[in-house]
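Notes for the structure review
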Amino acid sequence: MNIDDPISAYELWAAEQRVLKIQTKLHQWATDDPRRQFTDLFNLVADPAFLMVAWGRVWGNRGARSAGVDGLRPATLQPVERAFLTRLRQQVKSGEFAPLPVRERMIPKRSGKLRALGIPTAADRVVQASLKLVLEPIFEADFQPCSYGFRPKRRAQDAIAEIHMLGSNSYEWVLDADIKACFDEISHPALLARIRARVGDKRVVGLVKAFLKAGVLSEQGITRDTKTGTPQGGILSPLLANIALSVLDEYFASIWQAQMATRVDRARRRRHGQATYRLVRYADDFVVMVHGTRAHAEAVREQIIPVLASVGLRLSEEKTTIAHLDEGFEFLGFRIQRQTKRGSHKRYVYTWVSRRSLTSIKAKVKTITRQGTNNPLKDLLRQLNPVLRGWTNYFRHAVAKQTFSNLQDYTWRRVIGWMRRKYHHANWKQIRRHLGGWWPQENGTALFDTRTVPVTRYRYRGAAIPTPWTPQRATTRVA
């Protein structure tokens, strides 16, 4: 075997099929026996097929262009990927592998504050990806349907659809909560205890612990120990966060199952002046929809505090609010509010694009179109189009037709302004000649028209969302 040859597409496909087959077995075993402990997983982490699939995901990710503390970018390793994976496998199997500190990079947030992003080394990313391939199908068997963030085949639109469904069934009070510094404050002992409940292989638990304790190299060149939390940016971090936060999901699921599982149970509680409520969580952002009063929503907030404290977390006081559905609230970039339908006396729950989300996409368009005019129009359009297409695809299930039209007008004006700067001596007729018409295009590349995106109602899937390893199940409805 020539180690300088890149891995072929067929080899990667064959490895993916083997990994999928093993993952399906792991998920089925975990589903069949909720108390089963898996005691022989380390060999899978170091399995050539798992490492090859893990490498494919690392190399194909946008982050492949970024280097960790070792200075190696995964994008540059493709010519010697066989040798890299062979050496890495030997290190993992022999126990010589030890994660290096993640390189910290501060990213500005919309609020003006900075968020720390951790960039692991190329080797650490591959081993983390392999760990995720092994652990995810096991813990997916335990995760509750109310969780949607960073889970396979689940998306933000599912969370919004569930909120819409609950709001349409008189769940009028909304506890809109946010966990303070979630990825920084997760308790390591609590997280590892939850992992040990399912994973009896001490080498796998030790590898997870090593990643948690690897440390952080700051932008000032100072290495810090990580006594709590899991660095944002790591491939394994979202899964670990979901494992820790599943304590919240399980708490609400147990109460629902014990006291509110049937229509009769819910009706009895309401007759006695008690509330019914449901959790909808996306990563560390979540809402609790309450069928009751504001006092009930406040009581639920107090119940959450000790549950989060069990894994070292706390609510953000400034970001946790209680609102009525008629007042509206924002969640995952959407504005959700109940209003009277125009021309009728009936009230419906509507989802719009939030003003902050629209401001954010306009800021991105403005940034792209403020660049220099040395490059051709085609290059500008190639930068704009993926941004516009991705944003409109995310919001195409909201009441967004007018918003898409407004965005199209704004983008068109920005591109025409860029053209006027490029050809500053040209009049409108000459600019149109450069464009080949009134719509910006060049050499077969045209500006993406956001008005053409169809706006449709998203189908609520309930508990019928399949994992990659299980068949689809029946939908669960709540009233």
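One can find the structure itself at the top, above this paragraph.
Read on for a plain summary of the structure. (Residues numbered from 1 in each chain as written. Predicted model: local features only at pLDDT ≥ 70, side-chain atom pairs only at ≥ 80, totals over all residues. Heavy atoms only, no water.)

Overview of the sheet that holds strand E4 (residues 216-217)
As summarised here, the arrangement of the four strands in space is E2-E1-E4-E5, forming an open sheet in which the pairing is mixed. Across the chains shown, the open sheet's two edge strands, defined by having one partner strand only, are strand E2 (114-119) and strand E5 (223-224). In this structure, strand E1 (residues 102-108) lies alongside E4, joined through two bridges in parallel fashion. Paired with Val102 across the strands is Val216, a residue of E4. (Pairing = 2+ DSSP bridges. Helix = DSSP H or I, 4+ residues; strand = E, 2+ residues; numbered from the N terminus.)

Re empty space enclosed by the protein
Applying the stated criterion to the full structure yields two cavities of 30 Å³ or more. Quantified by volume, the largest cavity comes out at close to 140 Å³. Considering the residues around the largest cavity, the lining is formed by 17 residues, among which Val102, Gln128, Phe211, Leu212 and Pro231 are closest to the centre. For the lining of the largest cavity, a count of residues per class yields ten nonpolar, six polar and one charged. (1 Å grid on protein atoms, 1.4 Å probe; cavity = no way out; pocket = protein on both sides within 12 Å on 5 of 7 lines; lining within 4 Å. Points joined across faces, edges and corners; volume = space filled by probe spheres on them. Nonpolar A, V, L, I, M, F, W, Y, C, P; charged D, E, K, R; others polar.)

Some details on the pairing of strand E3 (residues 173-178)
For E3, the tally of buried residues reaches six of six residues, placing the bulk of the element in the interior. By the alternation rule, side chains of E3 split into Trp173, Leu175 and Ala177 and Val174, Asp176 and Asp178, which are all buried. Bridge count for E3 against strand E7 (residues 285-291) is six bridges, and the pairing is antiparallel. The residue of E7 that forms the bridge with Trp173 is Val290. Where E3 and strand E8 (residues 321-324) come together, four bridges link them in antiparallel fashion. Across the sheet, residue Trp173 finds its bridge partner in E8, namely His324. (Buried < 20%, exposed > 50% of the residue type's maximum accessible area, 1.4 Å probe, protein only.)

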